[in-house]
Amino acid sequence: MELRHLQHFVAVAEDQHFTRAAERLMVSQSGLSASIRALERELRAPLFVRTTRRVTLTEAGRALLVEAERILAQVRSAHEAVAAVQGVLRGTLALGTEQCIAGVHVARLLAGFRGRHPDVEIRLRQAGSGALAEEVAAGRLDLAFAYRTRADSDQLRSVALTSEPMTVLCHPGHRLAAAGAVLTPDDLTGEVFVDFHPDWGPRRTTDAAFAAAGVRRTVALEVNDVHSLLDLVDENLGIAVVPRHFRHKRPSLTALSLKGTGEAEYETCALLPPDRATSPAARALVTLLETGGAAGGLAPPQEGPQAS
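The rules behind these values
Residues numbered from 1 in each chain as written. Predicted model: local features only at pLDDT ≥ 70, side-chain atom pairs only at ≥ 80, totals over all residues. Heavy atoms only, no water. Helix = DSSP H or I, 4+ residues; strand = E, 2+ residues; numbered from the N terminus. Buried < 20%, exposed > 50% of the residue type's maximum accessible area, 1.4 Å probe, protein only. Lys, Arg positive; Asp, Glu negative; His and termini not counted. Salt bridge = Lys/Arg side-chain N within 4 Å of Asp/Glu carboxyl O. Polar contact = N/O pair within 3.5 Å; in protein donor to acceptor, adjacent residues only side chain to side chain. Axes fitted to C-alpha atoms, helices over the stretch in contact; angles between N-to-C directions. Parallel < 35°, antiparallel > 145°, perpendicular 65-115°, else oblique. Left-handed = near helix turned anticlockwise from the far one by under 90°. Contact = heavy atoms within 4.5 Å. Nonpolar A, V, L, I, M, F, W, Y, C, P; charged D, E, K, R; others polar.

What to know about the side chain of glutamate 164
Then, in step 1: The topology assignment puts glutamate 164 in strand β7 (residues 157-164).
Then, in step 2: Buried and unpaired, glutamate 164 has arginine 244 as its nearest opposite-charge partner, separated by 4.6 Å.
Then, in step 3: At 3.2 Å, the side chain of glutamate 164 forms a polar contact with the backbone nitrogen of arginine 244.

Written out as structure tokens, the structure is:
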């Protein structure tokens, strides 16, 4: 089995099309097809179901994809490690982040990193914390800024960023706005909730907090971006339970403290693979994050207004 066979296989799996994959790899389609057939012969299993419009992975193909991506990531890390020993950081930094993550100013951090390591190509992917943790574990991302869960710590290591309580946001005209500054989950029984997809860190935190309090809730309005959530609350279509720093993004909303949720807090961190599998670029970024202060991208939750 050759590395190029695995590279070709992963490209076809990603594009779900031989022609597009061949164009991206800058190889002939016949050569790409021959490479995939050679891999299938060696593994004695079909890897793709081919149709006239696209190709999809077989069960064997799905199993191989996980290992192929991990192997290619390790090979890339080996090349980058040698370059780092020679005093030059090259290669790719594949970074993931959840939207509006607390504790780090991602754009500022990446700008600082690029200034120090201009030969490293930066790739950024935004997604929910669950998906990001899976991609770091699979080797598709070098690290990710995400919400921390106990499950993540079993297979990944983490560098803490910040921890903050959850806050209830509601319209100033909502009945809760006059109820007082402190609420419990019981006070929110029967309310219409606006929240994120279950993969998002804030949603995971809120679900866990209400489960711990023994209070059932139904998310009627589910969104995938912060501004849509704030818009819906601003129109008094529902309430939201969010990390405290979100309240500064829409000062017109009423923010109320949430108690009675045990130890539930929104904890964010940099998720990384085991130390031996961490790429030099990821190490350099974490070092910048830990030693750079505000100039390096650290951004503790603010008590005053902050940018959206």
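Don't stop here, the text continues.
Here we look at the packing of helix α5 (residues 106-116) against helix α10 (residues 280-291)
Then, in step 1: Following both chains from N to C, one finds α5 and α10 inclined at 120°, their axes separated by 10 Å at the closest point. Taken as axis vectors, α5 and α10 run oblique relative to one another. Where α5 crosses over α10, the handedness of that crossing is right-handed. When α5 is examined against α10, the residues Leu109, Leu110, Gly112, Phe113 and Arg116 are found in contact with a partner set consisting of Ala281, Ala284, Leu285, Leu288 and Leu289.
Then, in step 2: Among the residues forming the contact of α5 with α10, the class breakdown is eight nonpolar, one polar and one charged.

Topic: the pattern of salt bridges
Where charged atoms of side chains with opposite charge meet at close range, the side chains can pair.
Then, in step 1: Under the defined criterion, the tally for this structure stands at 16 salt bridges.
Then, in step 2: For arginine 203, the salt bridge identified is with glutamate 222, shortest N-O distance 3.2 Å. Taken together, the residues span a long stretch of sequence, with arginine 203 in helix α8 (residues 201-213) and glutamate 222 in strand β11 (residues 219-223) at a distance of 19 residues.
Then, in step 3: When its relative accessible area of 45% is taken as the criterion, glutamate 222 is described as partly exposed.

Observations concerning helix α6 (residues 129-138)
Then, in step 1: In terms of burial, α6 is a largely internal element, eight of the ten residues being buried.
Then, in step 2: Within α6, the full set of buried residues consists of Ser129, Gly130, Ala131, Leu132, Ala133, Glu135, Val136 and Ala138.
Then, in step 3: Directly after α6, the chain includes glycine 139, whose backbone phi takes a positive value near 90°.

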